[in-house]
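Observations on chain architecture
Read off the chains here:
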Amino acid sequence: MTISLQKSSIHKTNSLTITGSKSESNRLLLLQALFPELTIENVSNSDDSHVMQQALETTSEIIDIHHAGTAMRFLTAYFASKSGSEVVLTGSPRMKERPVEILVEALTHLGADIAYLETEGCPPLRIKGKHLTQSKVSLNANVSSQYISALMLIAAKLENGLELTLKGKITSVPYIEMTLALLKQVGIEASFNGNLIKIVPQVSTLNPQTLVVESDWSSASYFYSIVALSAVGTNIRLSSYKKDSLQGDSVLASLYESFGVSTVFENEQIQIKKVSEAIKEPINFQLNHAPDIAQTIAVTCLGLGISCHLSGLHTLKIKETDRLLALKTEIEKLGGSVHITENSLALEVTKHINFDVSIATYNDHRMAMAFAPMALKTKLNIEDANVVSKSHPSFWDDLKNLGFKITQ
Ligand SMILES: O=C(O)C1=C[C@@H](OP(=O)(O)O)[C@@H](O)[C@H](O)C1
Ligand SMILES: C=C(OP(=O)(O)O)C(=O)O
């Protein structure tokens, strides 16, 4: 379904509630499956978390996780260590191109029984659950943090716990730190020092407790972009967020100050406000710690007519799509000039934005949401607009509530 966004402006003052963090939710859903004494509140209403929940509850032997990367990785570790189970974990055509070899090799070293059913190194996987007794493994940490988080999440249930040695430059570190923090929050003994992660076996049940998921910061990025592209004084209040967030994308609060946007935390809410015009200086951000907001930031710069150089983006090519190539292709449709490498994107100052362009979204929710704020600068169309439900099902309703003119 393609939607058209007329050139719009938003109401001066707005407030929205954003669904729970997809990353926190999928971690806690897996931990709850291992430790039923845990209760979770404000679970993400995303497709990816629904898929995770269904996979953990199903008795089917074939589990399709569609596009959900963390579900694929986390469930691979879960079922590999679930003695007596036998499942086929499959997904969308794109999921069958997203590598899991590093994780499968680590699990196999620990004693797991996992076979590739189509392409070597990629899903679908046949997984025969085993009682894993090996406890030491090393793996490359420069491709995806999800492989490491997957192993950490099952570790406390392994007979001898787990000692992970991370090789190479560790990527997407805040996601590993999120996993560690949640393990500690539920009472599991875990540490992460240098390139070594240690997790002690949890032989008894945990203390029953309720964990409340913070709203999703990656989803908040699109509203930061909307405010950055709006008039001075425009503000959006988002709930429910906290200053001591576990989410690496909370770095948005400091990064968007470069675009004249302030963030005030109060009563579990953030107020995002355009307080000054953006300084037309080139933007230079290293986003290794926050890969999911690269698309948002690149498009904010496009809309503001600011050049940018974004680095630390080597993980983008194996996400929902090759995000660097997709960004280059779609920004150039709007009139921008983009140079990409294996791990960076450079955008030149864009003086003219083309009108009534159709943006392709490549099965990537973040392509649709990152480009939507450009409706504050021009008329544009978003193809396959329902793709946003992967992380933010209410996105288009939220934009209509802000004042965007959206038609099908
Ligand atoms: O662990 C997680 O919840 C995630 C880790 C990141 O992936 P990489 O570690 O592959 O960068 C991120 O892109 C993804 O949206 C969610
Ligand atoms: C990359 C993402 O998710 P996943 O890897 O879980 O598909 C994302 O939400 O941007």
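Attention in this report is confined to the structure presented alongside it. What you see is a predicted model; the values in this text were computed from it and never measured.

Things to note about the sheet that holds strand β21 (residues 380-382)
Taken in spatial order, the 4 strands make up an open sheet running β20-β21-β1-β22, and their pairing is mixed. At either margin of the open sheet sits one strand with a lone partner, and together these are β20 (357-359) and β22 (406-407). Relative to β22, strand β1 (residues 3-5) runs antiparallel, the two sharing 2 bridges. Among the inter-strand pairings, serine 4 is bridged to a residue of β22, identified as threonine 407.

Remarks on the site of ligand 2
Looking at ligand 2, there are 13 residues lining it, with Lys22, Arg98, Gln146, Arg366 and Lys390 nearest. Arginine 98 is positioned such that a nitrogen or oxygen atom in its side chain is 2.8 Å from an oxygen atom of ligand 2. A distance of 3.3 Å separates an oxygen atom of ligand 2 from a polar atom in the side chain of glutamate 320. Relative to its unbound accessible area of 290 Å², ligand 2 is 98% covered by the protein chains. The pocket occupied by ligand 2, as judged from atoms lying within 2 Å of grid points, is the largest cavity. Looking at the shell around ligand 2, the elements that each hand over two or more residues are α3 (69-80) and α11 (365-371). Taken together, the residues that form the shell around ligand 2 break down as no nonpolar, 5 polar and 8 charged. Each of domain 1 (3-19 + 214-407) and domain 2 (22-212) contributes no fewer than three residues to the shell around ligand 2.

Notes on the site of ligand 1
All residues adjacent to ligand 1 are Ser23, Arg27, Thr70, Ser144, Ser145, Gln146, Ser172, Tyr175, Pro291, Asp292, Thr315 and Lys319. Take arginine 27: an N or O atom from its side chain is 2.7 Å from an oxygen atom of ligand 1. For ligand 1, whose unbound accessible area comes to 390 Å², protein coverage reaches 95%. In this structure, ligand 1 is accommodated by the largest cavity. At the level of secondary structure, the elements contributing two or more residues to the shell around ligand 1 comprise α1 (22-34) and α5 (145-155). For the shell around ligand 1, the per-class residue count stands at 2 nonpolar, 7 polar and 3 charged. When residues are assigned to domains, the shell around ligand 1 turns out to be shared by domain 1 (3-19 + 214-407) and domain 2 (22-212), each giving three or more.

Rules and cut-offs
- Residues numbered from 1 in each chain as written.
- Chains lettered and ligands numbered in written order.
- Predicted model: local features only at pLDDT ≥ 70, side-chain atom pairs only at ≥ 80, totals over all residues.
- Heavy atoms only, no water.
- Pairing = 2+ DSSP bridges.
- Helix = DSSP H or I, 4+ residues; strand = E, 2+ residues; numbered from the N terminus.
- Near = heavy atom within 4 Å.
- Polar contact = N/O pair within 3.5 Å; in protein donor to acceptor, adjacent residues only side chain to side chain.
- Areas by Shrake-Rupley, 256 points an atom, 1.4 Å probe, with all protein chains shown as cover.
- 1 Å grid on protein atoms, 1.4 Å probe; cavity = no way out; pocket = protein on both sides within 12 Å on 5 of 7 lines; lining within 4 Å.
- Sits in = over half its atoms within 2 Å of the grid points.
- Nonpolar A, V, L, I, M, F, W, Y, C, P; charged D, E, K, R; others polar.
- Domains from an automatic or database assignment.

Any link to function would need more than the numbers given here.
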